[in-house]
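Chain and residue survey
Chain by chain, the residues:
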Amino acid sequence: MAALLEIKDLQKTFKVKSFFGATTEVHALNGVSLAIGKGESLGIVGESGCGKSTLANLLIRLDEPTVGGIFLDGQNISHAKEKDLRKLRSRIQIVFQDPYSSLSPRMTVEQILTEPMRVAGDKEPKEMRKTAIDLLELVGMRESSLSRYPHEFSGGQRQRLSIARALTTEPEILILDEPTSALDVSVQAQVLNILTDLQKKLNLTYLFISHNLAVVKYISDRTAVMYR
Ligand SMILES: Nc1ncnc2c1ncn2[C@@H]1O[C@H](COP(=O)(O)OP(=O)(O)OP(=O)(O)O)[C@@H](O)[C@H]1O
Ligand SMILES: [Mg+2]
């Protein structure tokens, strides 16, 4: 089976300037290769600082790799330009550890969930609202949440909202970067169950990043380990 997402010898080096002006290099990522098939869930575990979030940022192309290739459906997207990136970002979405980073505090849930659709501009307001309600239902939340703000919710609910937010563009691939690490254990289980349900319902492909092997094993078909 051809891989949906393939990474070949991916490397990322950051140039860091010291206080005195000298430049040193930080090798954040050193030759990572892996392949994920459609509908598969691949777990990545590794100690803090081994480059997991750097990998995630490269995959959603927040950043460009120094060396190596990222292939989506066999097409190299490592250096895709701005106009192609928009389409790409609708196919690959991310959920971060901290939901605050993806949920704007001044926007209501309805605004947060409909914003990507407004940008795309192909839906009527009524249709957008309906989609937002469907998304809420998918993550086990009520329609009445639409008029509320992120700070009115618990940590687990906020993380469910950021999952709903990531689904607004109907992505094929979700990068989950420690999505449950900031949550209490009981809430973690809830969010993990929602993620496994969603994967089945929407035939999603997951790259699940965590430092917690038990969590990764629960959600993944295969697990890869990253070392320094
Ligand atoms: N923008 C940057 N500039 C310089 N160095 C960076 C940058 N981003 C990451 N690094 C360095 O790259 C290495 C990998 O960082 P990264 O955040 O990817 O690790 P991680 O595996 O996600 O860790 P954690 O488990 O703590 O989230 C670290 O040494 C980090 O300090
Ligand atoms: Mg990280």
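Everything here concerns the structure above.
Everything numeric in this text was worked out from a predicted model, so none of it was measured.

Criteria and cut-off values
Residues numbered from 1 in each chain as written. Chains lettered and ligands numbered in written order. Predicted model: local features only at pLDDT ≥ 70, side-chain atom pairs only at ≥ 80, totals over all residues. Heavy atoms only, no water. Salt bridge = Lys/Arg side-chain N within 4 Å of Asp/Glu carboxyl O. Helix = DSSP H or I, 4+ residues; strand = E, 2+ residues; numbered from the N terminus. Buried < 20%, exposed > 50% of the residue type's maximum accessible area, 1.4 Å probe, protein only. Pairing = 2+ DSSP bridges. Contact = heavy atoms within 4.5 Å. Axes fitted to C-alpha atoms, helices over the stretch in contact; angles between N-to-C directions. Core = buried A, V, L, I, M, F, W, Y, C linked by side-chain atoms within 4.5 Å.

Turning next to the pattern of salt bridges. According to the stated counting rule, one finds 12 salt bridges in the structure shown. R222 serves as the salt-bridge partner of E40, at 2.6 Å between the closest nitrogen and oxygen. In this pair, E40 sits in the loop between β2 (23-36) and β3 (41-46) while R222 sits in strand β9 (residues 222-226), placing the two residues 182 residues apart along the sequence. Residue R222 is classed as partly exposed on the basis of its relative accessible area, which comes to 39%. Its salt-bridge partner being K130, residue D134 comes within 3.0 Å of it at the nearest N-O pair. Remark: K130 and D134 occur in helix α4 (residues 125-138); sequence separation between them is 4 residues, near one turn of the helix. For D134, a relative accessible area of 33% gives the class partly exposed. Residue classification places K130 among the partly exposed positions, given a relative accessible area of 48%.

Strand order in the open sheet formed by 4 strands is β2-β1-β4-β5, and the pairing between neighbours is antiparallel. Edge positions in the sheet fall to β2 and β5 (75-76), since each has one partner strand and no second. Bridging between strand β1 (residues 5-17) and strand β4 (residues 67-72) involves 5 bridges; their strand directions are antiparallel. The residue of β4 that forms the bridge with L5 is L72. Taken strand by strand, helix α1 (residues 52-59) contacts β1, β2 and β4, and its axis lies near 115° from that of β1.

Right, let's get into the nonpolar core. Counting 35 residues, the largest nonpolar core has I163, L195, L198, Y206 and F208 as its most contacted members. The element contributing the most residues to this core is helix α6 (residues 185-202), with 6 residues. Apart from residues lying up to four places away in sequence, Y206 is in contact with I36, E40, S41, L42, L174, L176, L195, L198, Q199 and I219. Counting residues in hydrophobic clusters, the runner-up holds 29 residues, among them L34, I77, A80 and I175.

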